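Listed here are the chains, written in short residue letters.
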Amino acid sequence: MNNSEIASVEKYLRKVFGNEALGLDRKTGKPDSIEVTLGGEFIGVIYRDDEEGELSYSFNMAILADDLPA
């Protein structure tokens, strides 16, 4: 993902979730994915998919059972 794509996706996420604390970080080290943070805390990964000329981005967020309220 290039810097322009990252900025666009980050702007979109902030608007959709109404939260300026959402951020994107290149920590994955892979050209087709980027980490999503909330207030600096890791919450998931966005994957870039360019298949058959159709560009999309998938947000993957894992929720651990231990983190859920009892």
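Everything numeric in this text was worked out from a predicted model, so none of it was measured. (Residues numbered from 1 in each chain as written. Predicted model: local features only at pLDDT ≥ 70, side-chain atom pairs only at ≥ 80, totals over all residues. Heavy atoms only, no water.)

**Q** Hey, could you run me through the overall build of the protein in this one?
**A** When you go through the protein residue by residue, the secondary structure sums to one helix and four strands. Helices and strands in the protein line up, N terminus first, as α-β-β-β-β. When its C-alpha atoms are laid out on the principal axes, the protein stretches across 45 × 25 × 20 Å. Each of the 70 residues in the protein was classed as buried or not, and the buried ones make up 24%. For the protein, the proportion of contacts with a sequence separation of at least 24, taken over those separated by at least 6, is 15%. As displayed, the protein has an accessible area near 5,300 Å², and 50% of this comes from carbon and sulfur atoms. (Helix = DSSP H or I, 4+ residues; strand = E, 2+ residues; numbered from the N terminus. Buried < 20%, exposed > 50% of the residue type's maximum accessible area, 1.4 Å probe, protein only. Contact = heavy atoms within 4.5 Å. Areas by Shrake-Rupley, 256 points an atom, 1.4 Å probe, with all protein chains shown as cover.)

**Q** It is not clear to me how the side chain of threonine 37 should be interpreted in this structure. Could you clarify?
**A** Along the polypeptide, threonine 37 turns up in strand E2 (residues 33-38). Threonine 37 has contacts with Ala21, Leu22, Gly23, Phe42 and Ile43, leaving out every residue within four places of it along the chain.

**Q** I keep staring at unusual backbone geometry and nothing clicks. Help me out?
**A** Residue glutamate 52 is not a glycine yet carries a positive backbone phi of 55°. Within the secondary structure layout, glutamate 52 lies in the loop between strand E3 (41-51) and strand E4 (54-60).

**Q** Help me understand the pairing of E2, please; the structure alone is not making it clear to me.
**A** Residues in a regular strand point their side chains to alternate faces of the sheet. Judged by how many residues are buried, E2 sits mostly within the fold: five of six residues are covered. The pairing of strand E1 (residues 22-25) with E2 spans four bridges and is classified as antiparallel. Within E2, the residue paired with glycine 23 across the bridge is threonine 37. Note that E2 and E3 share six bridges and pair antiparallel. (Pairing = 2+ DSSP bridges.)

**Q** Quick question: what am I supposed to make of a nonpolar patch on the surface here?
**A** A cluster of nonpolar side chains, Tyr12, Val16, Phe17, Phe59, Met61, Ile63 and Leu68, forms an exposed patch at the surface whose accessible area comes to about 740 Å². Counting residues per element, the nonpolar patch draws most heavily on helix H1 (residues 3-17), which supplies three residues. Overall, the relative accessible area of 43% leaves methionine 61 in the partly exposed class. (Patch = residues over 30% accessible without salt bridge, like charges linked within 9 Å, V, L, I, M, F, W, Y side chains within 5 Å. Salt bridge = Lys/Arg side-chain N within 4 Å of Asp/Glu carboxyl O.)

Honestly, it's all geometry; don't read function into it.
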